[in-house]
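Chain and residue survey
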Amino acid sequence: MDTESSAPEPLPLSGITVVAVEQAVSAPFATRQLADLGARVVKVERPDGGDFARAYDTAAHGLASHFVWANRGKESIALDLKDPRGLDVLHGLLAGADVFVQNLAHGAAARLGLDSASLCGRYPRLVAVDVSGYGAEGPYAHKRAYDMLVQCEAGLVSVTGTPERPVKAGIPAADIAAAMYAFSGVLAALLRRGVTGRGGRVEVSMLDALAEWMGHPLHHTMHGGEQPVRTGLAHAVIAPYDAYATADGDRVLLSVQNDREWRRLTEQVLERPELAQDPQFATNAARTANRERTDAVVAGAMARLGADEAIGRLEAAGIACARLNSVARLAGHPQLAARDRWREVGSPVGPLRALLPPIGLPGGAAPHMGAVPALGEHTGALLRALGMTDARIAELRRDGVVA
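Quick caveat, the model's predicted, so the values are computed rather than measured.

Definitions and limits used
- Residues numbered from 1 in each chain as written.
- Predicted model: local features only at pLDDT ≥ 70, side-chain atom pairs only at ≥ 80, totals over all residues.
- Heavy atoms only, no water.
- Axes fitted to C-alpha atoms, helices over the stretch in contact; angles between N-to-C directions.
- Helix = DSSP H or I, 4+ residues; strand = E, 2+ residues; numbered from the N terminus.
- Parallel < 35°, antiparallel > 145°, perpendicular 65-115°, else oblique.
- Left-handed = near helix turned anticlockwise from the far one by under 90°.
- Contact = heavy atoms within 4.5 Å.
- Nonpolar A, V, L, I, M, F, W, Y, C, P; charged D, E, K, R; others polar.
- Pairing = 2+ DSSP bridges.
- Salt bridge = Lys/Arg side-chain N within 4 Å of Asp/Glu carboxyl O.
- Buried < 20%, exposed > 50% of the residue type's maximum accessible area, 1.4 Å probe, protein only.
- Phe/Tyr/Trp six-rings, centres within 6.5 Å; stacked < 30°, edge-to-face > 60°.
- Lys NZ or Arg CZ within 6 Å of the ring centre and 35° of its normal.

Two numbers describe a pair of packed helices, the interaxial angle and the distance between the axes. At a minimum axis distance of 8 Å, the contact between helix α2 (residues 26-36) and helix α8 (residues 173-196) shows a crossing angle of 45°. Judged by the inter-axis angle, α2 sits oblique to α8. Considering how the two elements wind past one another, α2 and α8 form a crossing that is right-handed. Between α2 and α8, the contacting residues are Ser 26, Phe 29, Ala 30, Gln 33 and Leu 34 on the first element and Asp 175, Ile 176, Ala 178, Ala 179, Met 180, Ala 182, Phe 183, Val 186 and Leu 187 on the second.

This is how it looks when you write it as structure tokens:
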């Protein structure tokens, strides 16, 4: 057997070094994707507490859940970048880096000379990423851009919720959108560098990213003249399409996409086949026009069934359905367990469960799911790698330049 040919392919970003001056979610989640694919990610944090996401909560056995999620597999160095000596250390790291990512407040990176334009002029092979709330220019450039604020500005909140009340998404959608475009932007820039030999700038704003994700309601409104209405778990133009309570207190969502499916639902689940021909329900247009009656018929049938029986009947009838799970149920989801999606990662408080990255690379090395770092855990090692003596490191620690 040819052992060389059967060895797993290396992770695609092995050998790539990323330096990140990052905080909160948008940039850290982007660089975590790079770390999972094999990049070495050096996270630069403030000596006085580090990334403020470290203090969001203590839910992960004493660590912040946001931080644990977005920062595994990184090396942490604590630097005071307002001190010229700390900035010199950063440039020492950048001299050997392939990628730099920052999401500092508007203007802060430029004041430090860490904006992408400045860095790409100094380091021609560097891919330099600026992640911002609203972009570097324009009337909103200076505004604070927390996730929920951007969800509001992007109109996401206006199409989420019930007819009576708009609500924000339950996850940081603006942060995640920006992170994933920053991640893919880095990959594209590295691919281009492989051809041209030059790095270059990557700019991503949270508003731009989330506005792109608003594609359907945005185009519906621009070209159709009306904003889609908020419908909770229901569908604006399809019925029945909603979550219904079951006899055991669960809720099951079902979706009938056409009149053939409605016929099967009436026969095999509702056990009222006469409704297939009733003019009030026979077509989707009729069911939507009579939504309250349609929902009442379906809700009455579902209320007599336990969730497992309801799902069993729906699946046997070929009706799309899902259990309305809690987050705790997601953590124990049988599909994730059956596909072996869970791993453990190290942390300052011991091993923590984490999901495998969604990008699968069959035949390749396993994703790099390194430990969640303590603040400044790698400061000494990184400074020594730059040629700094222990005496010099001790001096910088004494002066609060590093931690």
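This part covers the packing of α8 against helix α9 (residues 206-213). For the pair α8 and α9, the least separation of the axes is 8 Å and the interaxial angle reads 100°. By the angle class used here, α8 and α9 are roughly perpendicular. Contacts between α8 and α9 involve Ala 173, Ala 174, Asp 175, Ile 176, Ala 177, Ala 178 and Tyr 181 from the former and Met 206, Ala 209, Leu 210, Glu 212 and Trp 213 from the latter. A per-class count over the contact of α8 with α9 returns 10 nonpolar, no polar and two charged.

Here we come to the side chain of Asp 242. In this fold, Asp 242 is placed in strand β7 (residues 241-245). Apart from residues no more than four positions distant in its own chain, Asp 242 is found in contact with Leu 233, Ala 234, Val 252, Leu 253, Leu 254 and Asp 295.

The strand order across the open sheet built from three strands is β7-β8-β9, with neighbouring strands paired in antiparallel fashion. What marks the edges here is a single partner per strand, and that holds for β7 and β9 (320-323). Neighbour-to-neighbour, the strand axes of the sheet open up by a mean angle of 20°, direction not taken into account. Note that strand β8 (residues 251-255) and β9 share four bridges and pair antiparallel. Paired with Leu 253 across the strands is Ala 322, a residue of β9.

On to the pattern of salt bridges. Enumeration according to the criterion identifies 23 salt bridges in this entry. Asp 259 serves as the salt-bridge partner of Arg 287, at 3.0 Å between the closest nitrogen and oxygen. Separated by 28 residues along the polypeptide, Arg 287 in helix α12 (residues 284-289) and Asp 259 in helix α11 (residues 259-268) bring together distant segments of the chain. Residue Arg 287 is classed as buried on the basis of its relative accessible area, which comes to 0%.

For the rest of this paragraph, the subject is the packing of aromatic side chains. Scanning the model with the defined rule gives four aromatic pairs in all. When the ring of Phe 52 is compared with that of Tyr 56, the centres are 6.1 Å apart and the planes differ by 50°; the resulting orientation is tilted. Directly above the ring of Trp 342 sits Arg 353, whose terminal nitrogen or CZ lies 3.9 Å from the centroid.

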